[in-house]
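# Working through the structure, step by step
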Amino acid sequence: MTLNVSGLYKSYGGRHVLTDIHFGIKSGIILGLVGDNGAGKSTLLKCISGAEQFDHGQITIDGVAHSVITPELSRSIGIAMIYQNLDLCPQQDVITNIFLGQEKTIRIFGQNTPFLNRSHMKYLATEVLNRLGLDVDISQNVSLLSGGQQQRIAIARALISHPKILIMDEPTAALGIRESKKLLDMVRNLKMQGIAIIFVSHKIQDIYDVSDRILMMRQGKIITDLNKNDISLAELHKIMMNEEV
Ligand SMILES: Nc1ncnc2c1ncn2[C@@H]1O[C@H](COP(=O)(O)OP(=O)(O)OP(=O)(O)O)[C@@H](O)[C@H]1O
Ligand SMILES: [Mg+2]
């Protein structure tokens with residue numbers, strides 16, 4: 001799987017939020033996207049997931065160029081996104097949240113309406129939660145879980161569709177040091193399984209720890225695009241703080 005973004009522009013009410021964005025990603029790579037609040041990170045990711053429409057530019061996926069990406073297209077291509085606000089329904093149970101919008105159904109002979117296949121969903125949910133090392137009761141309300149656990153429910157929901165590209169927007173923002181470390185290990189694990197990952201954070205240390213390639217955004221533009229091995233953490237900090245390297 002390869003994904004290339006070229007010449008992407010997006011504005012809100014005449015104000016440019018993304019300007020001439022170019023970058024690429026492929027399977028088994030973690031791309032770290034870093035930048036200050038308001039740099040345009042979430043907007044860029046939403047353009048890739050189809051949650052927002054871009055004004056100009058192209059997104060080429062496995063050699064096929066698209067000038068419009070809808071949520072349906074992105075899902076069918078194998079792109080899954082975990083939003084910054086997680087987008088969970090806290091008053092619903094774990095299993096409902098994992099299958100939101102992608103419920104497994106069964107058609108009973110002679111009936112027109114498909115039924116929810118709860119037992120299959122239960123099996124798949126338990127399997128994915130085990131994979132993520134999360135030991136919770138799947139009939140529990142999500143509102144009763146910790147921030148780190150809720151984060152993993154959102155990841156489970158993304159993984160249930162077997163994505164080829166996983167986009168994670170600020171997954172460590174609400175996590176403590178130990179939970180963050182666990183999450184970074186989990187992300188490395190997913191990469192080993194051949195998933196391409198876009199990992200967004202304004203925490204440079206997290207980005208540096210986990211990424212193979214690092215993009216830095218400022219005011220809607222990509223100002224740095226480097227292999228992690230070609231830059232030190234200190235240099236990255238300096239660029240972020242707008243100092244000479
Ligand atoms: N729906 C919207 N309507 C109008 N302006 C928007 C909308 N969404 C984002 N913006 C603006 O676009 C700019 C980029 O926002 P975005 O959320 O992409 O930044 P970000 O890099 O993800 O920031 P953060 O680190 O705070 O999450 C901001 O100035 C924001 O106010
Ligand atoms: Mg954001």
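For the structure, check the block above.
Read on for an overview of the structure. (Residues numbered from 1 in each chain as written. Chains lettered and ligands numbered in written order. Predicted model: local features only at pLDDT ≥ 70, side-chain atom pairs only at ≥ 80, totals over all residues. Heavy atoms only, no water.)

Evaluated as defined, the whole model comprises 0 aromatic pairs. The cationic tip of Lys228 hangs over the ring face of Tyr208; the distance from NZ or CZ to the ring centre is 5.0 Å. (Phe/Tyr/Trp six-rings, centres within 6.5 Å; stacked < 30°, edge-to-face > 60°. Lys NZ or Arg CZ within 6 Å of the ring centre and 35° of its normal.)

Moving on, we get to the sheet that holds strand β11 (residues 213-218). Paired through backbone hydrogen bonds, the strands of a sheet run either parallel or antiparallel to each other. The strand order β6-β9-β10-β3-β11-β12 describes an open sheet built from 6 strands, whose pairing is mixed. The sheet is open, and its two borders are formed by β6 (79-82) and β12 (221-227), each paired with just one other strand. Strand-to-strand, the axes of this sheet are offset by a mean angle of 15 degrees, without reference to chain direction. For β11 and β12, the ladder comprises 6 bridges, and the chain directions are antiparallel. Paired with Met216 across the bridge in β12 is Thr224. Contacts between helix α6 (residues 177-192) and the sheet are confined to β3 (30-35), β9 (165-169) and β10 (196-201), with β10 contributing the most and set at about 155 degrees to the helix. (Pairing = 2+ DSSP bridges. Helix = DSSP H or I, 4+ residues; strand = E, 2+ residues; numbered from the N terminus. Axes fitted to C-alpha atoms, helices over the stretch in contact; angles between N-to-C directions. Contact = heavy atoms within 4.5 Å.)

Our next topic: the site of ligand 1. Around ligand 1, the structure places 13 residues, and the nearest of them are Arg15, Gly38, Lys41, Ser42 and Thr43. One of the side-chain nitrogen or oxygen atoms of Arg15 is found 2.8 Å away from an oxygen atom of ligand 1. For ligand 1, the protein covers 64% of the area, taking 640 Å² as the surface of the free molecule. Elements represented by at least two residues in the shell around ligand 1 include exactly β2 (15-26) and α1 (41-49). When residues of the shell around ligand 1 are assigned to their parent elements, the largest contribution, 3 residues, is made by α1. In terms of residue class, the shell around ligand 1 is built from 3 nonpolar, 6 polar and 4 charged. (Near = heavy atom within 4 Å. Polar contact = N/O pair within 3.5 Å; in protein donor to acceptor, adjacent residues only side chain to side chain. Areas by Shrake-Rupley, 256 points an atom, 1.4 Å probe, with all protein chains shown as cover. Nonpolar A, V, L, I, M, F, W, Y, C, P; charged D, E, K, R; others polar.)

What follows covers the environment of His120. Mapped onto the elements, His120 comes out in helix α4 (residues 118-131). Judged by its relative accessible area of 34%, His120 falls in the partly exposed class. Spatially, the C-alpha atom of His120 lies 9.5 Å from that of Ile106, the residues being 14 residues apart in sequence. (Buried < 20%, exposed > 50% of the residue type's maximum accessible area, 1.4 Å probe, protein only.)

Glancing now at the coordination of the magnesium ion (ligand 2). Note on the magnesium ion (ligand 2): its protein donors are Ser42 (OG) and Gln84 (OE1). The metal-donor distances range over 2.0 to 2.4 Å. Placement of Ser42 in helix α1 and of Gln84 in the loop between β6 and α3 (94-98) is noted, with a sequence separation of 42 residues between them. Relative accessible area serves as the criterion here: at 45%, Gln84 is assigned to the partly exposed category. (Donors = N, O, S within 2.8 Å, 3.2 Å for Na, K, Ca; no water.)

Within the fold, Ser211 resides in the loop between α7 (204-210) and β11. On the basis of relative accessible area, Ser211 is assigned to the buried category, the value being 2%. From its side chain, Ser211 meets the backbone nitrogen of Gly32 in a polar contact 3.4 Å long.

The subject of this paragraph is the pairing of β2. Relative to β2, strand β1 (residues 2-12) runs antiparallel, the two being bridged by 8 bridges. Note on β2: the bridge partner recorded for Asn4 is Gly24. Between β1 and β2, which pair antiparallel one after the other, the connecting turn spans 2 residues, and Gly13 there sits at a positive phi close to 50 degrees.

Moving on, we get to the sheet that holds strand β5 (residues 64-66). Spatially, 4 strands are ordered β2-β1-β4-β5 in an open sheet, and the strand pairing comes out antiparallel. In this open sheet, the two strands that pair with only one neighbour each are β2 and β5. Each adjacent strand pair in this sheet contributes to an overall mean axis angle of 20 degrees, direction not counted.

Nothing here speaks to function; it is geometry throughout.
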